Amino acid sequence: MKRLWALVALLALVGCREVRVKTYGTGATPVLGSNQIIVVRDAAALAQLGIRGAVRFRGEFGVVLLMGPHNRSGYKQIIESIRANDERVRVVAFEQTPGDGGEPTADYRTYTLWIVPNSVYRSGIHVDVVTPGDAPIAQTVLP
């Protein structure tokens, strides 16, 4: 009976594990395009986005949210929440405009890079990014 309870407790703990997703960096990149959420599986793909990050691709992968383009300095991303279940990840995000209006600058996009353990990668998961008002920003499906 003790072994049965130990097994049940172990299964409960495994089923309730919490995944630690680390926000590695935020910033701006000169690589232009529209709003995107991109899964990055190697250093070359990260470099193509103009982002440098310490992702250990053997045990981790990166997820990059790109927003813009902008031609005034000072924009930054605010991530309000991240919620996940077995089928979908929902990110609520927006960009904060510069308080002073910003200075004219070359076009750029803002980004947020998350580092995620490979152990939680599930092909077919939908990733949706929406505004706090539920307007769609970007979406992808994990390949």
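Just so it is clear, the structure is predicted and the values come from calculations on it, not from any experiment.

Conventions adopted
- Residues numbered from 1 in each chain as written.
- Predicted model: local features only at pLDDT ≥ 70, side-chain atom pairs only at ≥ 80, totals over all residues.
- Heavy atoms only, no water.
- Buried < 20%, exposed > 50% of the residue type's maximum accessible area, 1.4 Å probe, protein only.
- Helix = DSSP H or I, 4+ residues; strand = E, 2+ residues; numbered from the N terminus.
- Pairing = 2+ DSSP bridges.
- Salt bridge = Lys/Arg side-chain N within 4 Å of Asp/Glu carboxyl O.
- Contact = heavy atoms within 4.5 Å.
- Phe/Tyr/Trp six-rings, centres within 6.5 Å; stacked < 30°, edge-to-face > 60°.
- Lys NZ or Arg CZ within 6 Å of the ring centre and 35° of its normal.
- Axes fitted to C-alpha atoms, helices over the stretch in contact; angles between N-to-C directions.

Asker: Any chance you could break down the pairing of strand β3 (residues 60-72) for me, citing the residues and the numbers?
Answerer: On a regular strand, one side chain projects to one face of the sheet and the next to the other, so that they alternate. Across the 13 residues that make up β3, a large majority, ten, are buried. Bridge count between strand β2 (residues 36-40) and β3: five bridges; the pairing is antiparallel. The partner of Ile38 across the bridge, within β3, is Val64. Relative to strand β6 (residues 104-117), β3 is paired through ten bridges, and the arrangement is antiparallel. Residue pairing across strands places Leu65 opposite Thr112, the latter belonging to β6.

Asker: Requested: an account of the pattern of salt bridges, with residues and values cited.
Answerer: Evaluated as defined, the whole model comprises three salt bridges. The salt bridge partner of Arg56 is Glu60, with a shortest N-O separation of 3.1 Å. Among the salt bridges present, the one from Asp128 reaches Arg88, with a minimum N-O distance of 2.4 Å. Here Arg88 lies in strand β5 (residues 88-96) and Asp128 lies in strand β7 (residues 126-130), a separation of 40 residues in the sequence.

Asker: Just give me the short version of the environment of Val64, but keep the residues and values in it.
Answerer: Here Val64 is to be found in strand β3. Separated by 27 residues in sequence, Val64 and Ile37 place their C-alpha atoms 5.6 Å apart. Ignoring any residue separated from it by four or fewer positions in sequence, one finds Val64 in contact with Gln36, Ile37, Ile38, Val40, Leu46, Leu49, Ile51, Tyr111, Thr112 and Leu113.

Asker: Summarise the packing of aromatic side chains; cite the residues concerned and give the values.
Answerer: Using the criterion set out here, one finds one aromatic pair in the structure. Relative to Tyr121, the ring of Phe61 has its centre 5.1 Å away and its plane inclined at 90°; by these criteria the two rings are edge-to-face. Linking Phe61 in strand β3 with Tyr121 in the loop between β6 and β7, this pair joins segments that are 60 residues apart in sequence. You can call Phe61 buried: its relative accessible area is 4%. Across from the ring centre of Tyr121, 4.4 Å away, lies the NZ or CZ of Arg41, which sits over that ring.

Asker: Residue-level account of the sheet that holds β7, with values.
Answerer: Across the sheet, which stays open at both edges, the four strands sit in the order β4-β5-β7-β8 with mixed pairing between neighbours. At either end of the open sheet lies a strand with only one pairing partner, and these are β4 (76-84) and β8 (136-141). Across the sheet, the mean angle separating the axes of adjacent strands is 20° when strand polarity is ignored. Two strands pair when backbone bridges link them, and β5 and β7 are joined in this way by five bridges, in the parallel orientation. Residue pairing in the sheet places Arg88 in a bridge with His126 of β7.

Asker: Please set out unusual backbone geometry residue by residue, giving values where relevant.
Answerer: The omega torsion across Gly68 and Pro69 is 10°, close enough to zero to call that bond cis. Along the chain, Pro69 falls in strand β3. The phi torsion at Asp134 lies on the positive side, around 75°, for a residue other than glycine. Tracing the backbone through its elements, the reader meets Asp134 in the loop between β7 and β8. Judged by its relative accessible area of 47%, Asp134 is partly exposed.

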